[in-house]
Amino acid sequence: QVQLVESGGGLVQAGDSLRLSCAASIRTFVTMGWFRQAPGKEREFVAAITGSGSSTYYSDSVEGRFTISRDNAKNTLYLQMNSLKPEDTAIYYCAVSYSGNTYAIPSYRNWGQGTQVTVSS
């Protein structure tokens, strides 16, 4: 069973950039996704990428600012976050999806422990 470990979070100012990483314990060629959860809010979809990396999906709130990518040789998923806003503040999680709706949380398994991203105004 794959284990995922997120890293790269931190405290930044509005307009700054961060790159999150998600290291997998074994090679996976399935869809992987990033989600986030802000204090007092439900976890929400951020972005996903297919196993080959040929297709990507984004929420409306991050489209054009965030870029998801993966390096299957390194078993690592990335999320490049540019033009960060205070409303991007949340814990960011990665997970794998073996089937189902790409945008839906129930489709995902093997959640990491999360990495905190805080964006100050």
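Here goes a summary of the coordinates provided. These numbers come from a predicted model, not from an experiment. (Residues numbered from 1 in each chain as written. Predicted model: local features only at pLDDT ≥ 70, side-chain atom pairs only at ≥ 80, totals over all residues. Heavy atoms only, no water.)

1. Things to note about the side chain of T76
Phase 1: Relative to the helices and strands, T76 resides in strand β8 (residues 76-81).
Phase 2: Within the structure, T76 has its side chain in polar contact with the backbone oxygen of K74 (distance 2.8 Å).
Phase 3: Sequence-distant contacts of T76, defined by excluding residues within four places in its chain, comprise S21, C22, A23, R70 and D71. (Helix = DSSP H or I, 4+ residues; strand = E, 2+ residues; numbered from the N terminus. Polar contact = N/O pair within 3.5 Å; in protein donor to acceptor, adjacent residues only side chain to side chain. Contact = heavy atoms within 4.5 Å.)

2. Remarks on the packing of aromatic side chains
To describe a pair of aromatic rings, you give the distance between the ring centres and the angle between the ring planes.
Phase 1: Evaluation of the coordinates by the stated rule reveals six aromatic pairs.
Phase 2: Ring geometry for F35 and F45: centres 5.6 Å apart, planes at 80°, overall edge-to-face. Of this pair, F35 sits in strand β4 (residues 31-37) while F45 sits in strand β5 (residues 44-49), placing them 10 residues apart in sequence.
Phase 3: The class of F45 is buried, set by a relative accessible area of 10%.
Phase 4: Centroid distance Y57 to Y103: 5.8 Å. Interplanar angle 80°. Geometry classified as edge-to-face. Note that Y57 is positioned in strand β6 (residues 56-58) and Y103 in the loop between β9 (90-97) and β10 (108-109), a separation of 46 residues in sequence. (Phe/Tyr/Trp six-rings, centres within 6.5 Å; stacked < 30°, edge-to-face > 60°. Buried < 20%, exposed > 50% of the residue type's maximum accessible area, 1.4 Å probe, protein only.)

3. Digging into the pattern of salt bridges
Phase 1: A complete count under the given rule lists three salt bridges for this structure.
Phase 2: R65 serves as the salt-bridge partner of D88, at 2.8 Å between the closest nitrogen and oxygen. On the criterion of sequence distance, the pair formed by D88 in the loop between β8 and β9 and R65 in the loop between β6 and β7 (66-71) is long-range, its members being 23 residues apart.
Phase 3: Residue classification places R65 among the buried residues on the basis of a relative accessible area of 12%.
Phase 4: Overlapping salt bridges, with partners in common, bring together R36, E44, R65 and D88 in one network. (Salt bridge = Lys/Arg side-chain N within 4 Å of Asp/Glu carboxyl O.)

Just geometry here; none of it tells us what the structure is for.
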